[in-house]
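Remarks on the overall topology
The lines below spell out each chain.
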Amino acid sequence: MKRGLLFPTTLLLLLLLGTIHAQPTPDPLDGGDYAQVYARAQAGGDAVTASRAAAAMTEYRAGGRDWTARAVQAARQATTTRPGDPDAQLALGSALGLQARAGGYTLGALNTAQQARAALDRALSLAPDRPDIQAVLAEWHAGAWAKAGIFSGGNQDRARTLATAAARRAPDTLFVQAHAGIALSLIHDSQARATLTRAATLNADTPWNATFRPRQSAYWRG
């Protein structure tokens, strides 16, 4: 099992004088102090952000399995209280993916990986046009297929379709381009080089993106 997931920013829609303007919402993780973000999110009852921060501690601060468990616990809380929230489902899929990777090559880890995919499928069903969700799910399918073929539940055609759609929808988003490019590379698609090259040209203008760029890889890569 390998590294996976990272997680997207959102948009806040403001209504002003009868006109709707889209303004980016500051991502709490942009500051890079994930432990503090986790503590604040827990205190404030924001389980999605708490899960994302705990997952970031695992991925980028060598937080270990304790942080992974916190990410899963917070994400489960989020999906229980907000089952219709795609960000909650994405957080759960991401956290379970980290847990599956840590479990190694065992039936338990395989089961956890399947749970991760189910959460990502739910996220996509709730927000079918979200390129971040498309890209993460594409990476799951591509990594699973590359590691264990049909026995993993991965589907290379599904990976290709999702990755190319995500890359097309969000050409200037580092997170999406990197995940989509990794997915395409895992299935040896000819578009992988161009997508990853595109990701490398995008500015990592926050600590979150600066940390993210060199560290992404799939759940299943060995």
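So, a few notes on the structure that sits alongside this text. The structure displayed is predicted, hence computed values, not measured ones.

Below, the discussion takes up the overall build of the protein. Helix and strand counts for the protein come out as ten helices and two strands. In sequence order, the protein lays out its α and β elements as β-β-α-α-α-α-α-α-α-α-α-α. Within the protein, the proportion of its 222 residues that are buried is 51%. Pairs at least 24 residues apart make up 63% of the contacts formed inside the protein by residues separated by at least 6 positions.

Moving on, we get to the pattern of salt bridges. According to the stated counting rule, one finds ten salt bridges in the structure shown. Here Asp85 ties to Arg82 by a salt bridge, and the two come within 2.2 Å at their closest N and O atoms. Residues joined by salt bridges that share partners form a network here, namely Asp87, Arg130 and Asp132.

Turning our attention to the packing of aromatic side chains. Summed over the entire model, instances satisfying the criterion amount to two aromatic pairs. Ring geometry for Tyr34 against Tyr60: centres 6.5 Å apart, planes inclined by 55 degrees, an arrangement best described as tilted. In this pair, Tyr34 is assigned in helix α1 (residues 34-44) and Tyr60 in helix α2 (residues 47-60), connecting sequence segments 26 residues apart. Taking the relative accessible area as the measure of exposure, Tyr34 reaches 1% and is therefore buried. Ring centres 5.1 Å apart and planes at 80 degrees place the aromatic pair Tyr38 and Trp67 in the edge-to-face group.

The phi torsion at His188 lies on the positive side, around 60 degrees, for a residue other than glycine. Among the structural elements, His188 can be located in the loop between α8 (174-186) and α9 (192-201).

Procedures and definitions
Residues numbered from 1 in each chain as written. Predicted model: local features only at pLDDT ≥ 70, side-chain atom pairs only at ≥ 80, totals over all residues. Heavy atoms only, no water. Helix = DSSP H or I, 4+ residues; strand = E, 2+ residues; numbered from the N terminus. Buried < 20%, exposed > 50% of the residue type's maximum accessible area, 1.4 Å probe, protein only. Contact = heavy atoms within 4.5 Å. Salt bridge = Lys/Arg side-chain N within 4 Å of Asp/Glu carboxyl O. Phe/Tyr/Trp six-rings, centres within 6.5 Å; stacked < 30°, edge-to-face > 60°.

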